Structure formats: C-alpha cells, structure tokens
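Below, each chain spelled out in residue letters.
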Amino acid sequence: MKNKTRLTLERFERNKYRLIAEGAAVGLVTGLLVSFFRSGLEKAESLRDSVLDMAQNGGPGLLLGLGLLFCAYLAVWFCSRQVPLCTGSGIPQVKGELLGQIEQNWYQVIAAKLAGGLCAIGAGLSLGREGPSIQLGAMVGKGFSRLTKKLKTEEKMLMTCGAAAGLAGAFSAPLSGAVFSLEELHRNFSTEILLSTLAASVTSDFISSYIFGLEPVFTLFTTARMPLSYYWLVLLLGAGLGVFGVFYNWFTAKVQDLYGKIPRRSVRILIPFLCIIPLAAFFPAALGSGHHLVEQTALGQFALGTLIVLLIVKFCFSIFSFGAGVPGGIFLPLLVLGAVTGGIFAEAAEQVMDDNGIYLVNFVILGMVGCFSAIVRSPITGVILITEMTGDFKNFLSLSVVALMAYLVADILGGQPIYDQLLRRMLAKGVEPGIPEEEKSRKILMECDVYIGSRMDGEPIERMLLPPGCLVVSVERDRKEIVPHGSTVLHGGDKLVLLCAQSHAQAVGEKLDNICRSIKQ
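Presented here is a report on the structure given in the accompanying data block.

The rules behind these values
- Residues numbered from 1 in each chain as written.
- Predicted model: local features only at pLDDT ≥ 70, side-chain atom pairs only at ≥ 80, totals over all residues.
- Heavy atoms only, no water.
- Helix = DSSP H or I, 4+ residues; strand = E, 2+ residues; numbered from the N terminus.
- Rg over C-alpha atoms; globule rule 2.2 N^0.38 Å.
- Buried < 20%, exposed > 50% of the residue type's maximum accessible area, 1.4 Å probe, protein only.
- Contact = heavy atoms within 4.5 Å.
- Lys, Arg positive; Asp, Glu negative; His and termini not counted.
- Charge placed at Lys NZ, Arg CZ, Asp CG, Glu CD.
- Axes fitted to C-alpha atoms, helices over the stretch in contact; angles between N-to-C directions.
- Left-handed = near helix turned anticlockwise from the far one by under 90°.
- Nonpolar A, V, L, I, M, F, W, Y, C, P; charged D, E, K, R; others polar.
- Salt bridge = Lys/Arg side-chain N within 4 Å of Asp/Glu carboxyl O.
- Patch = residues over 30% accessible without salt bridge, like charges linked within 9 Å, V, L, I, M, F, W, Y side chains within 5 Å.
- Areas by Shrake-Rupley, 256 points an atom, 1.4 Å probe, with all protein chains shown as cover.
- Phe/Tyr/Trp six-rings, centres within 6.5 Å; stacked < 30°, edge-to-face > 60°.
- Pairing = 2+ DSSP bridges.
- Expected span 1.5 Å × (residues − 1).

## Here we look at the overall build of the chain
Phase 1: If you tally the helices and strands in the chain, you get 20 helices and four strands.
Phase 2: Its C-alpha atoms give the chain a radius of gyration of 23 Å, near enough to 24 Å, the size a compact globule of 521 residues would have.
Phase 3: Summarising its shape, the C-alpha atoms of the chain cover approximately 75 × 55 × 45 Å along the three principal directions.
Phase 4: With 521 residues in all, the chain has 57% of them scored as buried.
Phase 5: Sequence separation of 24 or more characterises 82% of the internal contacts of the chain that already satisfy a separation of 6 or more.
Phase 6: Side chains of the chain give 45 positive and 42 negative charges; the mean places of these two sets differ by 8 Å.

## A word on the packing of helix H6 (residues 130-147) against helix H7 (residues 152-171)
Phase 1: Remark: H6 packs on H7, axes separated minimally by 6 Å, with the N-to-C direction vectors making an angle of 145 degrees. Between H6 and H7 the crossing geometry is right-handed. Of the residues in H7, those in contact with Glu130, Ser133, Ile134, Gly137, Ala138, Met139, Gly141, Lys142, Phe144, Ser145 and Arg146 of H6 are Lys152, Glu155, Leu158, Met159, Gly162, Ala163, Gly166, Leu167, Ala170 and Phe171.
Phase 2: Here the contact of H6 with H7 is composed, by residue class, of ten nonpolar, six polar and five charged.

## Some details on the pattern of salt bridges
When the charged atoms of two side chains lie near each other, side chains of opposite charge can form a pair.
Phase 1: Counted under the stated rule, the structure contains 14 salt bridges.
Phase 2: One salt bridge in this structure joins Arg425 and Asp257, with 2.9 Å as the shortest N-O distance. Of this pair, Arg425 sits in helix H18 (residues 418-428) while Asp257 sits in helix H10 (residues 231-260); the two residues are 168 residues apart in sequence, bridging distant segments of the chain.
Phase 3: Taking relative accessible area as the criterion, Arg425 reaches 25% and is therefore assigned partly exposed.
Phase 4: Judged by its relative accessible area of 35%, Asp257 is partly exposed.
Phase 5: For Asp494, the salt bridge goes to Arg477, with nearest N and O atoms at 2.7 Å. Here Asp494, found in the loop between strand S3 (480-482) and strand S4 (495-501), pairs with Arg477, found in strand S2 (residues 471-477); they are 17 residues apart in sequence, far enough to count as distant.
Phase 6: Taking relative accessible area as the criterion, Arg477 reaches 21% and is therefore assigned partly exposed.

## Overview of a nonpolar patch on the surface
Phase 1: Among the surface-exposed residues, Leu62, Leu66, Leu270, Leu274 and Ile277 lie close enough to one another that they form a single nonpolar patch of about 380 Å² accessible area.
Phase 2: Counting only elements with at least two residues in the nonpolar patch, the list comes to helix H3 (60-82) and helix H11 (265-282).
Phase 3: With three residues, the single largest contributor to the nonpolar patch is H11.
Phase 4: Within the secondary structure, Leu274 sits in helix H11.
Phase 5: We classify Leu274 as partly exposed; its relative accessible area is 46%.

## Thoughts on the packing of aromatic side chains
Centre distance and the angle of the planes are the two values used to describe a pair of aromatic rings.
Phase 1: On inspection of all chains with the given rule, the structure shows 17 aromatic pairs.
Phase 2: Between Trp106 and Tyr107 the ring centres are 5.5 Å apart and the planes differ by 90 degrees, which places this aromatic pair in the edge-to-face class.
Phase 3: Under the relative-accessibility criterion, Trp106 is labelled partly exposed at 22%.
Phase 4: Ring geometry for Phe331 and Phe372: centres 5.0 Å apart, planes at 90 degrees, overall edge-to-face. Taken together, the residues Phe331 in helix H14 (residues 331-353) and Phe372 in helix H15 (residues 360-376) connect sequence positions 41 residues apart. The burial state of Phe331 is the same as that of Phe372; both residues are buried.

## Observations regarding the side chain of Ser145
Phase 1: With respect to the helices and strands, the residue Ser145 is situated in helix H6.
Phase 2: A relative accessible area of 0% places Ser145 in the buried class.

## Looking at the pairing of S2
Phase 1: Pairing analysis gives five bridges linking S2 to S4, with the strands arranged antiparallel. Residue pairing in the sheet places Val475 in a bridge with Leu496 of S4.
Phase 2: Of the strand pairs in this sheet, S2 and S3 are connected by three bridges, and their pairing is antiparallel. Across the sheet, Arg477 pairs through a bridge with Lys480, a residue of S3.

## Comments concerning helix H4 (residues 91-98)
Note on helix geometry: an α-helix contains 3.6 residues per turn, so any two residues three or four positions apart are oriented the same way.
Phase 1: Extensive coverage of H4 is indicated by the burial of eight of its eight residues.
Phase 2: Restricting attention to buried positions, one finds in H4 the residues Ile91, Pro92, Gln93, Val94, Lys95, Gly96, Glu97 and Leu98.
Phase 3: Residue Gly100 follows H4 closely and has a positive phi angle near 80 degrees.

## Considering unusual backbone geometry
Phase 1: Even without glycine at this site, Lys149 takes up a positive phi of about 60 degrees.
Phase 2: Owing to a relative accessible area of 67%, Lys149 belongs among the exposed residues under this scheme.
Phase 3: The backbone of Arg377 sits at a positive phi, close to 70 degrees, despite the residue not being glycine.
Phase 4: Positionally, Arg377 belongs in the loop between H15 and helix H16 (379-390).
Phase 5: Given a relative accessible area of 9%, Arg377 falls into the buried group.

## Re the sheet that holds S3
Phase 1: Reading across the sheet, the four strands line up as S1-S4-S2-S3 and stay open at both edges, with antiparallel pairing between neighbours. At either end of the open sheet lies a strand with only one pairing partner, and these are strand S1 (443-449) and S3. Pairwise comparison of adjacent strand axes, ignoring direction, gives a mean angle of 25 degrees for this sheet.
Phase 2: Most of the contacts of helix H20 (residues 505-515) go to S1, to which it runs at about 10 degrees, and overall it touches S1 and S4.

## Things to note about H7
Phase 1: Here H7 spans 29 Å end to end across 20 residues, near enough to the 28 Å set by a 1.5 Å rise per residue.
Phase 2: Taken across its 20 residues, H7 has 20 buried, putting it largely inside the fold.
Phase 3: At the C-terminal side of H7, Ser172 shows a positive phi close to 55 degrees.

This is the structure in structure tokens:
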C-alpha cells in the first residue's frame, strides 16, 4: 500500500505538463467522435423532414415514416436495456463517477450512447446533443486512461478533459466547455486542471470547426445594446425565469415519478415515441431539439399566441421525452424554452418600451441565459456559452444581470440544480453496475482550495476532522509547497492535496465544501 501511495504522489507531482498534452489527445479523439455524432444528427433530422413531407400524402410515405419510427424505438429500447447508464443526459453519470459513486464501462457507453442518441433525437424526441456529447467525451477520457494504465486520479482528470471537449465540440464553444467542466463537474479551478481542460476543449473545437465551419451555432446579432434605463425589465425577466426554472426542475421530477410507476422499460420509452405521431401531423415545429426555433423567434416569425402555444407544447414534450429515460440531453431544449420565453417577454414589453421590436434579439438571448442559469445553476457557464454560441459580445452586462437574478430567485425558492437532482434520483433507485470492491479501495488524490473567510481559514489542519484514512499530503501557499502536519495553520488561498480511498471521495468532497469552500456566517 505504501508503494502505491508513493507512486500516486510522485506521478501527481510530475504530470503537470504531460496532462496538458494528454488532454489535447483526448480532445482530438473526442472532437472526431462528437463531430461524427453531430453530423449524424443533422443527417437524421434531414431524413426526418423528408419523410414527414412524404407522409403528408399518405400511402407509402406514411407507412415508411411509421416503419422508421418503430425501428428507432426498437434501437433506443435495446440500447437502454443493454447499457442502462447510456440513458438520460449522461451528465449525472459523469458527475457520479467523478464522485466515486458510479462505474461506467467506457466502450459500451460510447456505442450505446451513439446509437441510442442518434435514433432518439433523429426520430424527433425533444432532446439535445450536448449531454450525450459530454458523456461521450468523458468516456473517451476514461478509455484513454484505461488503455494507457493511468492512476485513478489521472483518470478523473482525463474524464474532465473529455467532458469539456464534448461540450466544446457539440456547440463550438471551447471556453464554455472548460468552464462547465470545472464549474459543474470537477468543481476545482486549479491551474493544472484548467489548462488541461482548455487544451482538450480547444483541440475538440478545432476539429469541429474544420468540419462544420467557423460560424456560431446560432446566427443571432443584436442591432443595439440594451439601454440602462431598460434594465428593470432585465431584472424582471431574470426573476420570472428563476421561478420558471424551479418549476421546470420540479415538473421534471414529477414526470419521472409518473414514469417510475410503469414497470416495463419498453412501455416507458414507447410513450414519447407515440407522442411524435400527433405532433408530426399537427405541430411539427415541436419535434427534435428545436435549434431552428431560436433563430425563428429572434427574427419575429411567430405571433405572440403562437409563441405561447409553442412554449407550452415544447415544455411538455421536452420533459416527457427526457423523463422516459432515453439517451439525450436537456441543454438545447431548455435553451429553446428560454429563447421562446424571451420572445414572449419582448412582445409584451414592446408595449412599454415602444421600441418597434429592435430589442427582440436581446431578449431572446437573455431568455436563454436566464433559463440556463435557473435550471442548471451554473451562471458563469451560461453567460459564456450563449456568448460563444451567438458570436455576439455586446451583451455581457445584461447577460450577467439576468443570469445572477435568475440564479438568486431559483436559489431563494429552494429549487435544486437539475443535474444534482438527477444524480440523487439515479443513486436513490440504484445504479447498475455499481463500484467494484477493488475500485472502492483504490487511493485517489483530491485537490481543494481554502477560500478566504471559510471555516478553515486561520485554523490548523487537525480541526478539519476528516474521515478515517484521509490525509492532507500537501499544502501549496504562494507557489511554495509546505509539508503539512496536524498543527499547520491554513490560510485563505492555500491549495490542499488530500489522499483518500475511492469509497470516501463523496464524503470527503462534501466535507471540504462545508469547511473550505463555503464562507462562514
């Protein structure tokens, strides 16, 4: 055991620059894989539109459409049955594995997520490509680690790199990929991890840009900055989206509870597929992720009544699609919901502003950021992501205001962040396969910053009261390493390196959040 611990520490010390290179390698493979997935979805959606046009004439076209829909259903059911961890967004699974609570088979998840995601989203379910892309990237990182026989600590870092590369490749947003992986998944902003995830994101985005071009995901350009005199409307929109986000997460949980009462997986998955048929006949705009709806809303192509109907239908279909437990994410659908909500708000506010709709695009963009911040509870990622996806850098102030307001309202109302909520639900009902016993005993290294004003700021290490078997092995202060002991007094700004068993990772992480990463009252 001592030899393994010493090896872990030595490799951790000298992997700083190697990890950047390995992150770029993971980003390269992830970029290719996610680009294949993204291209496949575009072809599947094009095929779906063609089949819908043929089906309108009835006869062979209708039979072809129903036949393809049934085949997609069978494929999604088979993938979900064979590899249960490929279902849903994939982000909770990645979070769970980084916390040491879930163990995924990387090559099985990649195969099932690709096939299941292409069939589910391509068939018309209201799901996004970002969650699957993040999970695919994380599994690439894990596969790279297993094939090159990395330590568990390095494996988690490479999974973080892969997750960042997945989001970057899916949305052509390299900075967002790195920030999201650190803000939402790894929850550690150390220089080493930031540089490696950024290397992975940039490499993945380069591959994606080479294949799909340099244009942003959304073609949205604001013609004027929002005047400061209208910022009370920005605050009002943020507050409304905060309430909306809490309701969205609550309703998602209730729908999942309803699905949970259906014992057969095949029936649960069948329900959203059956919903595709009437929607294809009467409201095809609600099918798929809804990427095109953002630009149509920003161009003012929908009347107020149509936007309200679209919001209701898209909201319900998105949650019923996701709640069934099929492979697919919620990022893009929730951004669409935010854009439509912003469009509705702009139509209503036009009577107050008398601006002839020149700020419609501004409110559409604000709606996406506020909705993301309220539901996911990652405001920094939201602001950067929408900025990169639109290619418009004129709205940082208003985006920051709406993100902060939506976050605060959602937090005050006690709403849970969606991915934390989904992870807790997943763990509560049991996850297969679980963590093997030999994995639980493996030693891993964890990093933690001591925040200024936290409980451990100015306190000795012995006051941390860590779980048995967990040790603080290094303290970095002003770029100098201190060999710690129980009486070593910690200061705000210190960076700790801790050694613990894999099975204790969650408990240690929660403890560190409480005593090192939270400001004492």
